[in-house]
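# Chain and residue survey
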Amino acid sequence: KMWHHLEEAAIAGHTFARHNLACYEGINGRHERAAKHWIINAKLGDQKSMEGLKEGYPDGLVSKEDFAAALRAHQAAVDATK
């Protein structure tokens, strides 16, 4: 039941919940789902999710194109908050 609420919070836009959901998915072997959560979160400017993508990129968990797009969107989100 806890994970259901975490998913609901992630859908509602809570970056902390989405990051934790990505970690949970990764621990349970669903690396593609984890990467998707981190990509969404990184695009919203979340630094921890960007770090998760940086760690997963060398292992092939995220494609070069997805990583580059997430990095650009992350930087744009961070710049927009300055």
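Quick look at the structure, then. The model shown is predicted, which means the values in this text are computed figures rather than measured ones.

Scanning the model with the defined rule gives three salt bridges in all. A salt bridge links Arg 30 to Glu 25, with the nearest nitrogen and oxygen atoms 2.4 Å apart. Take Arg 30: its relative accessible area is 35%, and that puts it in the partly exposed class. Look at Glu 25 and you get buried, because its relative accessible area is 2%.

This part covers the side chain of Arg 18. When you line up the elements, Arg 18 lands in helix H2 (residues 15-27). This buried residue, Arg 18, is left without a salt bridge; Glu 25 holds the nearest opposite charge, at 9.0 Å. Looking at Arg 18, its side chain comes within polar contact range of the main-chain oxygen of Ala 10, at 3.0 Å. A distance of 2.9 Å separates a polar atom in the side chain of Arg 18 from a polar atom in the side chain of His 37. Every residue in contact with Arg 18, bar those within four places of it in the chain, is listed here: Ala 10, Ile 11, His 37, Ile 40 and Asn 41.

Cut-offs applied
- Residues numbered from 1 in each chain as written.
- Predicted model: local features only at pLDDT ≥ 70, side-chain atom pairs only at ≥ 80, totals over all residues.
- Heavy atoms only, no water.
- Salt bridge = Lys/Arg side-chain N within 4 Å of Asp/Glu carboxyl O.
- Buried < 20%, exposed > 50% of the residue type's maximum accessible area, 1.4 Å probe, protein only.
- Helix = DSSP H or I, 4+ residues; strand = E, 2+ residues; numbered from the N terminus.
- Lys, Arg positive; Asp, Glu negative; His and termini not counted.
- Polar contact = N/O pair within 3.5 Å; in protein donor to acceptor, adjacent residues only side chain to side chain.
- Contact = heavy atoms within 4.5 Å.

None of the figures reported here should be taken as evidence of function without further support.
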